[in-house]
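A look at the structure
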Amino acid sequence: MNNKTKITIEALINAPIEKVWECFTKLEHIVNWNFASADWHCPNAVNDFRVGGKFSWRMEAKDGSMGFDFGGIYTGIKNFERINYQIGDGRNVELKFSVQENSVLVTETFEAEGTYSIEQQRFGWQSILNNFKKYVESISANQNKLKFSIEINAPVSIVYDRMLGLSDIKTYQQWTAEFNPSSTYEGNWQKGSEIHFIGVEENGKRGGMVSQIAENIPNKFVSIQHIGILEGDKIIKEGPQVEAWAGAFENYIFEEKNGKTVLKVETESNEEFKKYFSTTWPKALAKLKEICET
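Keep in mind it's a predicted model, so treat the numbers as computed, not measured. (Residues numbered from 1 in each chain as written. Predicted model: local features only at pLDDT ≥ 70, side-chain atom pairs only at ≥ 80, totals over all residues. Heavy atoms only, no water.)

**Notes on the overall build of the chain**
What counts here: Under the scheme used here, helices are H or I runs from DSSP no shorter than 4 residues and strands are E runs no shorter than 2 residues, and both carry numbers assigned from the N terminus. We call a residue buried when its accessible area falls under 20% of the maximum for its residue type, exposed when it is over 50%, and partly exposed in between, using a 1.4 Å probe and counting protein chains only. Only heavy atoms enter the contact rule, under which two residues are in contact if any of them lie within 4.5 Å.
Helix and strand counts for the chain stand at seven helices and 16 strands. C-alpha atoms of the chain, sized along the principal axes, occupy 70 × 45 × 35 Å. Sorting the 294 residues of the chain into buried and exposed places 46% on the buried side. Looking at the chain alone, contacts between residues at least 24 apart form 53% of all its contacts between residues at least 6 apart.

Given below as structure tokens:
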């Protein structure tokens, strides 16, 4: 077989171009779709998304029986339109993103290799692209971005510290009590760390969110990605209970102006909790303001 034979696959994704692009290029999303079937996963990934930048995405069977790294280097990027890269074995791949009313047509063309048949290769790559479509559409349909802000008469270092409960976890527990009187967390705020946000529910059962710190730039920016839920001591990261939250982000932006802090919160929520968060977040931020200004 000629290794320059080209195979083209495509998927029409019912989501805004901004969301499609974000999900294809950001690490926190790549690990959630970069596999062909439910018995595989992407446990980790590296993605230096720039022309000349390298990437390496790990694909493994969940039972640990096999796995491989899929990697290469980016050779061309045109934001929201095109991505070109070369795989480690020298083959070239091009993705085109074409906006069609409320959808995006993703067309992927890659040079075939000589080991597997054209149809086997087409099926494997199409399965991953289909999984990408499923992931993007699920989080796009179930999430709305809510934004809140407040000005706090305190230096940004104090707001950052007390919001996260770094010096004393009680300051975190105090402002998040607006969401749940027993609110707390287990874990730490280091980038890449898994953290559990916990509270006792009305039925007396321990529950909460399983999340990962996607980014933490001290005194500037914190990004939390929700990846699962807690039921008692059980961690659930897959299934219908998690789908409504999978990949949702909660971001904190800290801006210092003349000794005061403008704190901005951006959170993705499904429709069920939109009204609740719209009323509770302002109360929680008002409590945080009180804590920081005292």
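That covers the picture; the talk isn't over yet.
**What to know about the state of the cysteines**
Put simply, the rule reads: Note on disulfides: each one is a pair of cysteine sulfur atoms within 2.5 Å.
Evaluated as defined, the whole model comprises zero disulfides. The thiol sulfur of C23 is not disulfide-bonded, and the nearest other cysteine sulfur, from C42, lies at 14 Å. Exposure remark for C23: the relative accessible area of 0% places this residue in the buried category.

**A look at the packing of aromatic side chains**
The following threshold applies: Any pair of Phe, Tyr and Trp rings, taking the six-membered ring for Trp, is counted once the centres come within 6.5 Å. Such a pair is stacked with planes under 30 degrees apart, edge-to-face with planes over 60 apart, and tilted for the rest.
Within the structure shown, the criterion is met by 36 aromatic pairs. For the ring pair W21 and F49, a centre distance of 5.9 Å and an interplane angle of 70 degrees mean the geometry is edge-to-face. Taken together, the positions of W21 in helix α1 (residues 17-25) and F49 in the loop between β3 (45-47) and β4 (54-61) put the pair 28 residues apart, joining distant regions of the chain.

**Quick look at the pattern of salt bridges**
What counts, and what does not: Whenever Lys or Arg places a side-chain nitrogen within 4 Å of a carboxyl oxygen from Asp or Glu, that contact is recorded as a salt bridge.
Within this structure, the stated rule accounts for 19 salt bridges. Between D48 and R50 there is a salt bridge, and its shortest N-O distance comes to 3.0 Å. On the basis of relative accessibility, which here comes to 30%, the residue D48 falls in the partly exposed class. According to the relative accessible area criterion, R50 is partly exposed, its value standing at 44%. Of the charged contacts, one joins E94 and K96 as a salt bridge, the two residues approaching to 3.9 Å between their closest N and O atoms.

**Brief notes about the nonpolar core**
Defined as follows: For our purposes a nonpolar core is just a set of buried Ala, Val, Leu, Ile, Met, Phe, Trp, Tyr and Cys residues, chained together by side-chain atoms within 4.5 Å.
By size, the foremost hydrophobic cluster in this structure holds 39 residues, and its most contacted members are V20, W57, Y85, F97 and F132. The element best represented in this core is helix α3 (residues 118-142), accounting for seven residues. In this structure F97 touches I17, V20, W21, F24, F80, E81, R82, I83, V104, L105 and V106, once residues within four positions along its chain are discounted. Among the nonpolar cores identified, the runner-up in size contains 36 residues, and L164, I224, W245 and L285 belong to it.

**Looking at the side chain of S193**
To keep things clear, this is the line we draw: Polar contact is defined as a pair of N or O atoms within 3.5 Å, subject to the rule that within protein one atom must be able to donate a hydrogen and the other to accept it, and that residues adjacent in sequence are counted only when both atoms are side-chain atoms.
Structurally, the position occupied by S193 is in the loop between β10 (184-186) and β11 (194-200). Polar side-chain contacts of S193 include one of 2.9 Å to the side chain of N188. Apart from residues no more than four positions distant in its own chain, S193 is found in contact with N188, S211, Q212 and I213.

**What about the packing of helix α4 (residues 156-164) against helix α5 (residues 169-176)?**
The line we're drawing: Lines fitted to the C-alpha atoms define the axes, with helices restricted to the stretch that makes contact. Angles between their N-to-C directions range from 0 to 180 degrees. Each angle gets one of four labels, with under 35 degrees taken as roughly parallel, over 145 as roughly antiparallel, 65 to 115 as roughly perpendicular, and the rest as oblique. In the scheme used here, Gly and all other residues not listed as nonpolar or charged are polar, with Ala, Val, Leu, Ile, Met, Phe, Trp, Tyr, Cys and Pro taken as nonpolar and Asp, Glu, Lys and Arg as charged.
Two elements in contact, α4 and α5, have axes whose closest approach is 5 Å; the angle formed by their N-to-C orientations is 80 degrees. What the angle tells us is that α4 and α5 run roughly perpendicular. In this structure, α4 contributes D161, R162, M163 and L164 to the contact, and α5 contributes T171, Y172 and W175. Here the contact of α4 with α5 is composed, by residue class, of four nonpolar, one polar and two charged.

**Some details on the layout of surface pockets**
Rolled over the atoms, a probe sized like a water molecule indicates the empty space that remains. Basically, it comes down to this: Of the grid points, spaced at 1 Å and generated over the protein atoms alone, those admitting a 1.4 Å probe that cannot get out make up cavities, while open sets with protein on both sides within 12 Å along at least five of seven lines make up pockets; any residue with an atom within 4 Å of a point is treated as lining. Grid points are joined across faces, edges and corners, and a volume is the space filled by probe spheres set on the points.
The volume enclosed by the largest pocket comes to roughly 1,300 Å³. Forming the boundary of the largest pocket are 38 residues, of which V31, N32, F35, Y135 and I227 lie nearest the centre. With five residues, strand β13 (residues 221-231) is the single largest residue contributor to the lining of the largest pocket. Here the lining of the largest pocket is built from residues that sort into 16 nonpolar, 13 polar and nine charged. Quantified by volume, the second largest pocket comes out at close to 950 Å³. Along the wall of the second largest pocket there are 33 residues; nearest its centre are F179, F197, G208, M209 and F277. Its residues placed into classes, the lining of the second largest pocket shows 16 nonpolar, 10 polar and seven charged.

Purely spatial values, then, with no claim about function.
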